[in-house]
Amino acid sequence: MSFTRLMRSFTIRVRMIGAIAVVLLLLTIVGGAGLLGMYRMQSMSQDFIDNAYAKASMVSELRHTLGLMRRYEKDMIIFYEQPARVSETYELWKTSAAKVNEQVKALLALATGEDQEDLEAIARHMDAYQKAFAPVASQLESGGYDSATTADKVMFRAYTALNDLDKAFAHLVTELNDQAERASRSAQDAANLTIALFGAAVVLATVVVVPLT
């Protein structure tokens, strides 16, 4: 029996109900493909905002705070012959150092994988730097060195910790950039898949509706 004869064997009412059912099914398929794709893209965008973008923003703030801390450290040596300035700058240094510790902890709460290792390394080197600089700062406040040059020379342990911190920080930035690139590629793949699914659904609807009509 041909397809046309098969269709004509049904009453008009049955054919109309069947047509409506088929159209509704196809609309569900087309709409579902679009909604699924949009939901996936929205989910990936939110994940990017909550992770890669949030981390990048916090790392930028951490870079700024580290810069301030280093500047105050240098200022204490520069102002060595001005005890009041040294004490004032030391307070600023302690505030910046405490803020660095808070920012590292905040980043650790979001960290996963290799960036967590980098942040843990930064935390260790930061702790070593603070412990090495604390006695030097006390001596600077009390004027315990012959000159600023002498003070700078005894900073070698603190400088070693800072060099290690800088390396860990640079590796962290590289890792976060890689994460952002991977997230961007995943979002593009999701967009391409959505277009493909939607196109396939439209083709299916056309192939089904035209002969049935």
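Fair warning: this is a prediction, and the values are worked out from it, not measured in the lab.

### Examining the overall build of the protein
Here is step 1 of the chain: Tallying secondary structure elements over the protein gives 6 helices and 0 strands in all.
Here is step 2 of the chain: Secondary structure of the protein in N-to-C order comes out as α-α-α-α-α-α.
Here is step 3 of the chain: A compact globule built from 213 residues would reach a C-alpha radius of gyration of about 17 Å, whereas the protein, at 32 Å, exceeds it by more than 25%.
Here is step 4 of the chain: Across the 213 residues of the protein, 31% fall into the buried class.
Here is step 5 of the chain: Nonlocal contacts in the protein, meaning residues at least 24 apart in sequence, comprise 80% of its contacts between residues at least 6 apart.
Here is step 6 of the chain: Surface summary for the protein: the accessible area is close to 13200 Å², and the carbon and sulfur share equals 61%.
Here is step 7 of the chain: A distance of 13 Å separates the average location of the 21 positive side-chain charges in the protein from that of its 24 negative side-chain charges.

### Overview of the environment of Ala187
Here is step 1 of the chain: Relative to the elements of secondary structure, Ala187 occurs in helix α6 (residues 156–212).
Here is step 2 of the chain: Among the residues examined, Ala187 registers a relative accessible area of 31% and is labelled partly exposed.
Here is step 3 of the chain: Put simply, Ala187 and His171 are 16 residues apart on the chain and 24 Å apart in space, counted from C-alpha to C-alpha.

### Quick look at the pattern of salt bridges
Here is step 1 of the chain: For the coordinates displayed, the defined rule picks out 6 salt bridges.
Here is step 2 of the chain: Ionic pairing is found between Glu91 and Lys94, a salt bridge with its closest N-O pair at 3.0 Å. Separated by 3 residues within a single helix, Glu91 and Lys94 lie in helix α3 (residues 83–110), roughly one turn from each other.
Here is step 3 of the chain: Glu91 sits in the partly exposed class, given a relative accessible area of 43%.
Here is step 4 of the chain: Notably, a salt bridge pairs Lys131 with Asp127, separated by 3.1 Å at the nearest N-O pair.

### Let's talk about the environment of Thr95
Here is step 1 of the chain: Mapped onto the fold, Thr95 is located in helix α3.
Here is step 2 of the chain: Sequence separation of Thr95 and Ala183 is 88 residues, and the distance between their C-alpha atoms is 35 Å.

### Considering the packing of aromatic side chains
Here is step 1 of the chain: Taken as a whole, this structure holds 4 aromatic pairs when the rule is applied.
Here is step 2 of the chain: Ring centres 5.9 Å apart and planes at 25 degrees place the aromatic pair Tyr90 and Trp93 in the stacked group. Pair noted here: Tyr90 and Trp93 are both in helix α3, with a separation of 3 residues, about one helical turn.
Here is step 3 of the chain: Take Tyr90: its relative accessible area is 9%, and that puts it in the buried class.

### A word on the side chain of Gln103
Here is step 1 of the chain: With respect to the element layout, Gln103 can be found in helix α3.
Here is step 2 of the chain: In contact with Gln103, other than residues within four places in its own chain, are Met58, Glu61, Leu62 and Thr65.

### Examining α3
Here is step 1 of the chain: Between the first and last C-alpha of α3 there are 41 Å, a value that for 28 residues agrees with the 40 Å anticipated at 1.5 Å per step.
Here is step 2 of the chain: Of all the residues in α3, the buried ones are Val86, Thr89, Tyr90, Trp93, Ser96, Ala97, Val100, Gln103, Val104 and Leu107.

### Remarks on the confidence of the model for the protein
Here is step 1 of the chain: Taken residue by residue, the protein gives an average pLDDT of 80. The fraction at 70 or more is 91%.
Here is step 2 of the chain: Confidence scores differ between elements of the protein, with helix α1 (residues 3–8) showing the lowest mean pLDDT of 71 and α3 the highest of 89.

### Quick look at a nonpolar patch on the surface
Here is step 1 of the chain: Together, Ile20, Val23, Leu24, Leu27 and Val209 line one region of the surface with nonpolar side chains, adding up to about 430 Å² of accessible area.
Here is step 2 of the chain: Per-element tally for the nonpolar patch: the top contributor is helix α2 (residues 12–78), with 4 residues.
Here is step 3 of the chain: Turning to its location among the elements, Ile20 is positioned in helix α2.

### Side note on the nonpolar core
Here is step 1 of the chain: Met69, Trp93, Ile122, Tyr129, Phe133 and Leu140 are the most contacted members of the largest nonpolar core, which totals 41 residues.
Here is step 2 of the chain: For this core, the secondary structure elements donating two or more residues are α2, α3, α4 (114–142) and α6.
Here is step 3 of the chain: For Leu140, the residues in contact, after removing those within four places along its chain, are Met76, Ile77, Tyr80, Val86, Tyr145 and Ala151.

About the thresholds
Residues numbered from 1 in each chain as written. Predicted model: local features only at pLDDT ≥ 70, side-chain atom pairs only at ≥ 80, totals over all residues. Heavy atoms only, no water. Helix = DSSP H or I, 4+ residues; strand = E, 2+ residues; numbered from the N terminus. Rg over C-alpha atoms; globule rule 2.2 N^0.38 Å. Buried < 20%, exposed > 50% of the residue type's maximum accessible area, 1.4 Å probe, protein only. Contact = heavy atoms within 4.5 Å. Areas by Shrake-Rupley, 256 points an atom, 1.4 Å probe, with all protein chains shown as cover. Lys, Arg positive; Asp, Glu negative; His and termini not counted. Charge placed at Lys NZ, Arg CZ, Asp CG, Glu CD. Salt bridge = Lys/Arg side-chain N within 4 Å of Asp/Glu carboxyl O. Phe/Tyr/Trp six-rings, centres within 6.5 Å; stacked < 30°, edge-to-face > 60°. Expected span 1.5 Å × (residues − 1). pLDDT = per-residue confidence, 0-100. Patch = residues over 30% accessible without salt bridge, like charges linked within 9 Å, V, L, I, M, F, W, Y side chains within 5 Å. Core = buried A, V, L, I, M, F, W, Y, C linked by side-chain atoms within 4.5 Å.

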